[in-house]
Amino acid sequence: MTTDPRTLLLHVLREELGLRGTKYGCGEGECGACTVLIDGRPLNACLIPAGRADGARVETIEGIAGTETGQTVIKALCEQGGVQCGFCTPGFVASITAGGDLSGNLCRCTGYIKIRAAVRQVLDQIEPRPPSPPGPRRAILGPAYARPATVADALRLLATDAPWRILAGGTDLLVQHEHRLERLSLLDITAIADFPALTETSQSVVIPALATYTDLRTSPTVLRWAGPLATAAALVGGRQIQNAGTVGGNIVNASPAGDAIPALQVLGARIHLRSPHEARTVPISRFFTGPGRTRLAKGELVTHIEIPKTPPTDLIWFFDRVGTRRAQAITKASVAFRARRHESGLADVSIALGAVGPTVLEAPKTAAFLERGPLTEERLRHAADLLGREAQPIDDIRSTARYRRRAVAGLLLRNLLPLAGRPPCS
Ligand SMILES: Cc1cc2nc3c(=O)[nH]c(=O)nc-3n(C[C@H](O)[C@H](O)[C@H](O)COP(=O)(O)OP(=O)(O)OC[C@H]3O[C@@H](n4cnc5c(N)ncnc54)[C@H](O)[C@@H]3O)c2cc1C
Ligand code: FES
Ligand code: FES
């Protein structure tokens, strides 16, 4: 490859290959105008370094439009009036061809009603294509971009003096460094083949650091044993972000608004770390030291996360959040909840709050209160009030502290009031 492997795939397609059907909209993974299919999955070309695409099957609108399915999709969009300026259309065509989930595609001029009508028309006519398994990826070991094939090779590189930045899905890192990629040395870990697989033992569920949100929300194991995590994964971003973003990246990015973190916290997850010298585990409740700060040491990798299995009998749990809109919105406040139900109330209550403190917070006072008495509407309203007071939110550009306190209280009520025989409040 002669192209600098750090160059974004979007620029390679448009500037080097002249494939200008793939559009540059936001450059930050939000609009979907740059959607291409990589091994059949919709992904944002603005968040993929070219090196990542080496060995993958990349389909752009130019290729998709030449297929029967692509033609059916384009025809339906035209017939239903789902195209005005057309800037967003190549991205929509790619997403519809891959199954019709449009959560990661924005359109500024056509009504979504018409675009959705086109999707309905098309899905009656075509079989959505399942993604193909990614083929083996060859290792790339350049000075500014490396894509090692094993954990040992990655750790060897991390042990050198080079200022490597670990790159997983890139949905945080590449957005944060959008215009300065040429200054980064990227250690792309997505071709590492010997991370543990997503699996379960008799005691626990093992989740590889590279598990994407799509992996998590569709895994029967995660759905059965780690419900709050599956729900959180289904609420993250849009489909393109869910196909790229990883649980390891969410943890190490350490945003108080990271949606996987509160879910993992109520599940009692432990983070497994590897350096060239040792393997160690840290409970997730002790991993964060501040916003964007963790106990990950220089040269260490998160390899996997372990969640102890709790028998699902009598277990109640939820993960819920509020944002400006349902998809593609950073969380303003979130609540993860897990408890065991018994005759007169709740036991083993665990609550974690997102985006209302410098790190994800636990809410021990509310949990203890809920364990002390029956599940009446009056007591639940008191618990919600207490939860709002346990939050430590600040005013920022996304929301006010007052709103966030009320939001966590509302999320608790919305999900627990039905247990007291009351309809949920909206
Ligand atoms: C449009 C958009 C919408 C989004 N919506 C949401 C949302 O709803 N909820 C949410 O929580 N997040 C959201 N995000 C943020 C992001 O998608 C997640 O935080 C994601 O999980 C990050 O994972 P990644 O694999 O992309 O991480 P990367 O960007 O690759 O890496 C993030 C950080 O983690 C480090 N890192 C990654 N993997 C490892 C590892 N195994 N070991 C050590 N260090 C590692 C990197 O060096 C970097 O510092 C959104 C992002 C975008 C662009
Ligand atoms: S250009 Fe907007 S998501 Fe890529
Ligand atoms: S048709 Fe103009 S942005 Fe969608």
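What counts as what
- Residues numbered from 1 in each chain as written.
- Chains lettered and ligands numbered in written order.
- Predicted model: local features only at pLDDT ≥ 70, side-chain atom pairs only at ≥ 80, totals over all residues.
- Heavy atoms only, no water.
- Helix = DSSP H or I, 4+ residues; strand = E, 2+ residues; numbered from the N terminus.
- Rg over C-alpha atoms; globule rule 2.2 N^0.38 Å.
- Buried < 20%, exposed > 50% of the residue type's maximum accessible area, 1.4 Å probe, protein only.
- Contact = heavy atoms within 4.5 Å.
- Areas by Shrake-Rupley, 256 points an atom, 1.4 Å probe, with all protein chains shown as cover.
- Lys, Arg positive; Asp, Glu negative; His and termini not counted.
- Charge placed at Lys NZ, Arg CZ, Asp CG, Glu CD.
- Near = heavy atom within 4 Å.
- Polar contact = N/O pair within 3.5 Å; in protein donor to acceptor, adjacent residues only side chain to side chain.
- Nonpolar A, V, L, I, M, F, W, Y, C, P; charged D, E, K, R; others polar.
- 1 Å grid on protein atoms, 1.4 Å probe; cavity = no way out; pocket = protein on both sides within 12 Å on 5 of 7 lines; lining within 4 Å.
- Points joined across faces, edges and corners; volume = space filled by probe spheres on them.
- Domains from an automatic or database assignment.
- UniProt positions renumbered as here; feature names shortened; annotations may be inferred.
- Pairing = 2+ DSSP bridges.
- Axes fitted to C-alpha atoms, helices over the stretch in contact; angles between N-to-C directions.
- Core = buried A, V, L, I, M, F, W, Y, C linked by side-chain atoms within 4.5 Å.
- Salt bridge = Lys/Arg side-chain N within 4 Å of Asp/Glu carboxyl O.

## Quick look at the overall build of the protein
Here is step 1: From N to C terminus, the protein includes 17 helices and 18 strands.
Here is step 2: Here the C-alpha atoms of the protein give a radius of gyration of 22 Å, agreeing with the 22 Å that 2.2 N^0.38 yields for 426 residues.
Here is step 3: With the principal axes as the frame, the protein shows a C-alpha extent of 65 × 60 × 40 Å.
Here is step 4: Within the span of the protein, comprising 426 residues, buried residues form 54% of the whole.
Here is step 5: Summarising the internal contacts of the protein: among those between residues at least 6 apart in sequence, 61% fall at separations of at least 24.
Here is step 6: Looking at the protein as shown, the accessible area adds up to about 18900 Å², and 52% of this sits on carbon and sulfur atoms.
Here is step 7: Averaging the positions of the 50 positive and the 39 negative side-chain charges in the protein gives two centres separated by 4 Å.

## What about the site of ligand 1?
Here is step 1: Near ligand 1 you find 35 residues, and of these Ile166, Thr171, Asp172, Tyr213 and Thr246 are the closest.
Here is step 2: Thr171 is positioned with one of its side-chain polar atoms (N or O) 2.6 Å from an oxygen atom of ligand 1.
Here is step 3: Alone, ligand 1 offers 980 Å² of accessible surface; in the complex the protein occludes 93% of this.
Here is step 4: At the level of elements, strand S6 (164-167), helix H8 (173-176), helix H13 (247-253) and strand S14 (301-308) are the ones that each hand at least two residues to the shell around ligand 1.
Here is step 5: A per-element tally of the shell around ligand 1 places H13 first, with five residues.
Here is step 6: In the shell around ligand 1, the residues fall into 16 nonpolar, 13 polar and six charged.

## Overview of the layout of surface pockets
Here is step 1: If you add up the space inside the second largest pocket, you get close to 920 Å³.
Here is step 2: Around the second largest pocket, the lining comprises 31 residues; the ones closest to its centre are Pro134, Arg137, Thr190, Leu210 and Thr212.
Here is step 3: Listed by contribution, the elements that provide at least two residues to the lining of the second largest pocket are strand S2 (41-44), helix H2 (50-53), helix H9 (213-218) and helix H12 (239-244).
Here is step 4: Residues belonging to the lining of the second largest pocket are distributed by class as follows: 18 nonpolar, seven polar and six charged.
Here is step 5: Summarising the domain contributions, the lining of the second largest pocket has at least three residues from each of domain 1 (9-125) and domain 3 (199-308).

## Things to note about the UniProt feature "domain: FAD-binding PCMH-type" (unreviewed entry) in the protein
Here is step 1: In the numbering adopted here, UniProt assigns the feature "domain: FAD-binding PCMH-type" (unreviewed entry) to residues 132-312.
Here is step 2: End-to-end, the C-alpha atoms of residues 132-312 are 33 Å apart, and along that stretch the chain is 29% helix and 24% strand.

## A short note on the sheet that holds S2
Here is step 1: One open sheet accounts for three strands, arranged S2-S1-S3; its pairing is antiparallel. Each having just a single partner strand, S2 and strand S3 (58-59) make up the two edges of the open sheet.
Here is step 2: Across two bridges, strand S1 (residues 35-38) lies against S3 in antiparallel orientation. Note on S3: the bridge partner recorded for Ile38 is Val58.
Here is step 3: Against the sheet, helix H5 (residues 89-97) contacts S1 and S2, and its axis sits at roughly 35° relative to S1.

## Focus: the nonpolar core
Here is step 1: The biggest cluster of nonpolar side chains holds 62 residues, and the ones touching the most others in it are Ile207, Leu216, Leu229, Val247, Leu264 and Ile307.
Here is step 2: If we skip the residues at most four places from it in the chain, Ile207 touches Leu216, Val222, Leu229, Val247, His304, Ile305 and Ile307.
Here is step 3: Ranked by size, the runner-up nonpolar core spans 32 residues in total, among them Val335, Leu386, Ala409 and Leu412.

## Digging into the pattern of salt bridges
Here is step 1: Overall, the coordinates contain 17 salt bridges when judged by the stated rule.
Here is step 2: In this structure, Asp259 engages Arg321 in a salt bridge whose closest nitrogen and oxygen atoms are separated by 2.5 Å. In this pair, Asp259 sits in the loop between H13 and helix H14 (260-266) while Arg321 sits in strand S15 (residues 315-322), placing the two residues 62 residues apart along the sequence. Summarising the burial analysis for this pair, Asp259 and Arg321 share the class buried.

## Let's talk about the pairing of strand S7 (residues 185-188)
Here is step 1: On S7, burial covers both faces: Ser185 and Leu187 on one face and Leu186 and Asp188 on the other are all buried.
Here is step 2: By the bridge criterion, two bridges tie strand S5 (residues 145-147) to S7 in an arrangement that is parallel. Paired with Tyr145 across the strands is Leu186, a residue of S7.
Here is step 3: Pairing analysis gives four bridges linking S6 to S7, with the strands arranged parallel. The residue bridging Leu167 from the neighbouring strand is Asp188, located in S7.

## A closer look at the pairing of S1
Here is step 1: Alternating residues of S1 divide into Thr35 and Leu37 and Val36 and Ile38, and every residue in both groups is buried.
Here is step 2: Here S1 runs beside S2; their pairing, made up of four bridges, is antiparallel. Bridged to Ile38 within S2 is Arg41.
Here is step 3: In textbook terms, the turn of a hairpin is the stretch between consecutive antiparallel strands, and for S1 and S2 this stretch comprises two residues, one of which, Asp39, has a positive phi near 50°.

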